[in-house]
Amino acid sequence: MTFQDNNLNRRQFLNQLGMVTAASFVAESTFADAMPWFTISLAEFSLAGSLFSGKLKNMDFPAKAKNEFGISAVEYVSMFWQDKAKDQAYLSELKQRTADLGVTNVLIMVDNEGDLGANDAAKRQQAVENHYKWIEAAKFLGCHSIRVNMTGDGTPEELMKAGVEGYGKLVEFGEKAGIGVIIENHINVSTNPDWLVSLLKQVKNPYAGSLPDFGNFTEREKPKVMTMEGFMNAKILNDFDKYEGVKKLMPFAKGVSAKTHKFDANGNCTDVDFEKMMPIVKANLPKSFKGYIGIEYEGGVMKMMGSKENYLDEDAGIKATKALLEKALLS
C-alpha cells in the first residue's frame, strides 16, 4: 500500500466517521424533539371539595392522582395539612407513600402564614419565619419549590417596598435549603403582572420566581379569611389580560398552573383558550422552568359550594383539563 493509498483510506475513514457522527446527531436531535416539553402534575386544590368535606385526606392525595388519573406528579396545598409541616412521622409516611407509588412531589402551595408584605416590620418578620417550616418540609419531600402569596398593606408602592424586604428574606432562606420560593399571581396586587415582574426583578435571586396561573389576573380586595368563598366575594378592583400576563411572567417561571373552571360540549375550556395559551407558555420557557404544568380545576369546589352554574364534578374536570394538556404536548 502506497502513502497515497494510506491518505485515501484515512480520508474515507474520516468521511465515514463524519457520516456516523452526523447520523447520531440527527437521531439525538430527533429524540430530543420527541421528548415532551413539560410533565403534567396535579394541584391538590383540584380536589378541594373532597378535602374540605373529609372524603379525601392529604395523605391519600398522591395515590388518587396516580391510580385514578394516571398522574405521577403532585402539588400540595398547605391548608389541607396545616398542622403537619413539622410532624416528622407524617412527612416520612407521605414521602414513603409517594416513593412506593412512583409519584414526584413537585411543590407546596402555602397559604395563611401571614403577610410577607406587611407594613409592620414585626408582622412581616413573623410571616417570613412562619414559612420556614414549609421550606423544610418541601426539602424533605423532594419538592423543588414552595408557592407563597404576596399580600400586605397599603398602596402598591408600599407593598412593593415591604415585599422586596420580606419576600427577599424568605427567598434567602430558601436558597440555603435549595428550595425555590415562587409567587403565584393570586391575591391582591400580585395579580398585576407588571407589578409582580418588578418585584421579582428587584429581589434578584435565582431561587425567586413565578408560578403563572391561567386564571388569576383579576385583582380583588384582600379577603379577611383566605377561603374560596371569601376570595370570590371580594370586591373586584382590576382585570388584566391573562394571555399577556402569562407572557410577562413566564421568563421568571419555575412552574405553571393550568387553571380551569368550565368546559363546552367539545371539551374546550371556556375561560381559557388553551390553543392560544399553551404556545405562549412554550415560546417563553426560561431555563429556570422545572418542567411541570399543574392541573388546577376549580369547578368542583364551586359546585360543592352550591353554585348553580354548570360545573363538572372534580374527577371529570381534572380529566378534561388533562386532555387539553395532553393535546398541547403534541404541539
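Here is what the cut-offs are and how they apply
- Going along each chain's sequence as written, the residues are numbered from 1 onward.
- Where local features are concerned, this predicted model is filtered to residues with pLDDT of at least 70; where side-chain atom pairs are given and counted, the filter is 80 or more; whole-chain, interface and lining totals use all residues.
- Side-chain descriptors were evaluated using all non-hydrogen atoms of the structure, hydrogens and water having been removed beforehand.
- Helical segments are the DSSP runs of H or I of at least four residues, strand segments are the runs of E of at least two, and each set is numbered from the N terminus.
- Using a 1.4 Å probe on the protein chains alone, a residue whose accessible area is under 20% of its type maximum counts as buried, one over 50% counts as exposed, and one in between counts as partly exposed.
- When checking whether two residues touch, look at their non-hydrogen atoms; a contact exists if any pair is within 4.5 Å.
- Each accessible area is a Shrake-Rupley estimate made with a 1.4 Å probe; only the visible protein chains count as cover when residues are assessed.
- All axes here are fitted lines through C-alpha atoms, helices being fitted over the stretch that makes contact, and every angle between N-to-C directions spans 0 to 180 degrees.
- Reported orientations rely on four angle classes, namely roughly parallel under 35 degrees, roughly antiparallel over 145, roughly perpendicular from 65 to 115, and oblique for the rest.
- In this scheme, a crossing is called left-handed if the near helix is turned counterclockwise away from the far one by less than a right angle; it is called right-handed if the turn is clockwise.
- Throughout, the ten residues Ala, Val, Leu, Ile, Met, Phe, Trp, Tyr, Cys and Pro are labelled nonpolar, Asp, Glu, Lys and Arg are labelled charged, and all others, Gly among them, are labelled polar.
- Any N or O atom pair separated by 3.5 Å or less is treated as a polar contact, with the protein-specific requirement of one donor-capable and one acceptor-capable atom, and with residues adjacent in sequence counted only for side-chain atom pairs.
- As used here, the term nonpolar core means buried Ala, Val, Leu, Ile, Met, Phe, Trp, Tyr and Cys residues forming a set that is joined through side-chain atoms within 4.5 Å.
- Two strands are counted as paired when DSSP detects at least two bridges linking them.
- The path from the first strand over the helix to the second decides the hand: if it runs clockwise while the strands point away from the viewer, the crossover is right-handed.
- Taken from the helix axis, the directions to the C-beta atoms give the arc we talk about.

### Considerations on the overall build of the protein chain
Inference 1: The helix and strand tally for the protein chain stands at 13 helices and 10 strands.
Inference 2: Taking all 331 residues of the protein chain together, 50% fall into the buried category.
Inference 3: Taking as baseline every contact in the protein chain between residues at least 6 positions apart, the subset at least 24 positions apart corresponds to 77%.
Inference 4: With an accessible surface of roughly 16,000 Å², the protein chain has 52% of that area assigned to carbon and sulfur atoms.

### Some words on the packing of helix α3 (residues 61-69) against helix α13 (residues 314-329)
Inference 1: Between α3 and α13, the shortest axis-to-axis distance is 12 Å and the interhelical angle comes to 65°. Taken together, the axes of α3 and α13 lie roughly perpendicular to each other. The element α3 and its partner α13 pack so that their crossing is right-handed. Residues Lys64, Glu68 and Phe69 of α3 touch α13, and the partners they reach there are Asp315, Ile318, Lys319 and Lys322.
Inference 2: Here the contact of α3 with α13 is built from residues that sort into two nonpolar, no polar and five charged.

### A word on the environment of lysine 254
Inference 1: One can find lysine 254 in the loop between α10 (242-249) and β9 (256-260).
Inference 2: On a C-alpha basis, the gap between lysine 254 and leucine 285 in space is 9.2 Å, while along the polypeptide they are 31 residues apart.
Inference 3: Sequence-distant contacts of lysine 254, defined by excluding residues within four places in its chain, comprise His144, Ser145, Ile182, Pro206, Tyr207, Ala208, Gly209, Ser210, Ser288, Phe289 and Lys290.
Inference 4: There is a polar contact of 2.7 Å between the side chain of lysine 254 and the backbone oxygen of proline 206.

### Some remarks on the nonpolar core
Inference 1: Judged by nonpolar contacts, the single largest core of 92 residues is most densely connected at Trp81, Ile108, Ile146, Tyr167, Phe214 and Ile293.
Inference 2: Among residues more than four places away in sequence, those in contact with tyrosine 167 are Leu116, Val148, Met150, Val181, Ile182, Ile183, Leu199, Leu200, Val203, Ala208 and Gly209.

### Quick notes on the pairing of β9
Every regular strand shows the same layout, with side chains that alternate between the two sheet faces.
Inference 1: Most of β9 is tucked away, with five of its five residues classed as buried.
Inference 2: Bridge count between β9 and strand β10 (residues 292-297): five bridges; the pairing is parallel. Across the sheet, alanine 258 pairs through a bridge with isoleucine 295, a residue of β10.
Inference 3: For the crossover from β9 across helix α11 (residues 274-283) to β10, the handedness is right-handed.

### Concerning α11
The periodicity of an α-helix, 3.6 residues per turn, causes residues three or four places apart in sequence to face the same way.
Inference 1: Turning to α11, its buried residues are Phe274, Met277, Met278, Ile280 and Val281. Looking straight down α11, one finds that the buried residues subtend no more than 155° of arc, so they occupy a single side. More than 90 degrees from the buried face of α11, the exposed residues found are Glu275 and Ala283.
Inference 2: In this fold, the buried residues of α11 make contact with α10, β9, β10 and α13.
Inference 3: The N-cap of α11, judged by a side-chain oxygen 3.0 Å from the amide nitrogen of glutamate 275 a few residues on, is aspartate 273.

### Considering the sheet that holds strand β1 (residues 39-43)
Inference 1: Read from one edge of the open sheet, eight strands run β6-β5-β4-β3-β2-β1-β10-β9, paired in parallel fashion. One side of each edge strand has no neighbouring strand; the edge strands of this open sheet are β6 (208-211) and β9. Looking at each pair of strands side by side, their axes are set apart by 30° on average, direction ignored.

### Points about the packing of helix α7 (residues 156-177) against helix α8 (residues 193-203)
Inference 1: The N-to-C vectors of α7 and α8 enclose an angle of 45°; their axes lie 9 Å apart at closest approach. When the axes of α7 and α8 are compared, the pair comes out oblique. Both α7 and α8 take part in a crossing whose hand is right-handed. Along its contact with α7, which presents Pro156, Leu159, Met160, Gly163, Val164, Tyr167, Gly168 and Val171, the element α8 presents Trp195, Ser198, Leu199, Leu200, Gln202 and Val203.
Inference 2: Looking at the contact of α7 with α8, its residues break down into 10 nonpolar, four polar and no charged.

### A short note on unusual backbone geometry
Inference 1: A positive phi angle, close to 65°, is found at asparagine 188, a residue other than glycine.
Inference 2: Even without glycine at this site, lysine 204 takes up a positive phi of about 50°.
Inference 3: Its location among the elements puts lysine 204 in the loop between α8 and β6.
Inference 4: Exposure remark for lysine 204: the relative accessible area of 73% places this residue in the exposed category.

These figures come from the coordinates and say nothing about function on their own.
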